[in-house]
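Now for the letters of each chain:
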Amino acid sequence: MKQFKDPEFMGQFIDRYRDMRNLWEVKNTLYHNKPARKASLEKLLQFVKTQVHNADIKFVDKKIGSLRSTYRKELNRVQASMRSGAAAEDVYVPSLWYYNRMRFLEDQMEARESLSTLPCSLPSTPAKASEDQPGPSILEEVEEPSWSQEDLSQDEALECSKQEEAGVSVSQEEA
């Protein structure tokens, strides 16, 4: 596969890949169109076969993935060095010879916002309550009434609050 690593050939491969926007641009209307993507990969395959005679679609797909992965690593290094507050001369300079040729992928490489599977607040180890402090300990559960929409409709809730303001409780009214 040394034929594929020839800088001139790889440069042409990258240029052809860049021209086939439906293979890398997520917002392209043909990006999710499998037949269109396959046709583009077939065109790239025909070009690759001029150097690598036994290549197939899987080979081309792996090469694209490898190029993108290597570019992404270099891009992350550059961005990390910029975030660290380094001076302009301390910003990481990519050593990848085709880095600038792959810059068309930069806006496609943004990390997706992740969703945490952890609870909002992690439980802490319960501390023992001090014996000289009054009130329930941290380990004891304090039961507080909780009213849901199912328990009370808005009209009933309004009625209850009016009665409470008047000094009449719901239990006295029912008795």
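If you're wondering where the values come from, they're calculated on a predicted model, not measured in any experiment.

**Some points on the overall build of the protein**
Okay, step 1: If you tally the helices and strands in the protein, you get five helices and zero strands.
Okay, step 2: The helix and strand sequence of the protein, counted from the amino end, reads α-α-α-α-α.
Okay, step 3: In the protein, which comprises 175 residues, the proportion classed as buried is 25%.
Okay, step 4: Taken as a whole, the protein presents about 14000 Å² of accessible surface, with 50% of it coming from carbon and sulfur.

**Considerations on the confidence of the model for the protein**
Okay, step 1: With 59% of its residues at a pLDDT of 70 or more, the protein has an overall mean of 76.
Okay, step 2: Ranking the elements of the protein by mean pLDDT puts helix H5 (residues 170–174) last with 48 and helix H2 (residues 34–48) first with 95.
Okay, step 3: Across residues 169–175 the pLDDT falls below 50, and counting only partners more than four positions away or on other chains, this stretch makes four contacts in the model.

Each value, and the rule that gives it
Residues numbered from 1 in each chain as written. Predicted model: local features only at pLDDT ≥ 70, side-chain atom pairs only at ≥ 80, totals over all residues. Heavy atoms only, no water. Helix = DSSP H or I, 4+ residues; strand = E, 2+ residues; numbered from the N terminus. Buried < 20%, exposed > 50% of the residue type's maximum accessible area, 1.4 Å probe, protein only. Areas by Shrake-Rupley, 256 points an atom, 1.4 Å probe, with all protein chains shown as cover. pLDDT = per-residue confidence, 0-100. Contact = heavy atoms within 4.5 Å.

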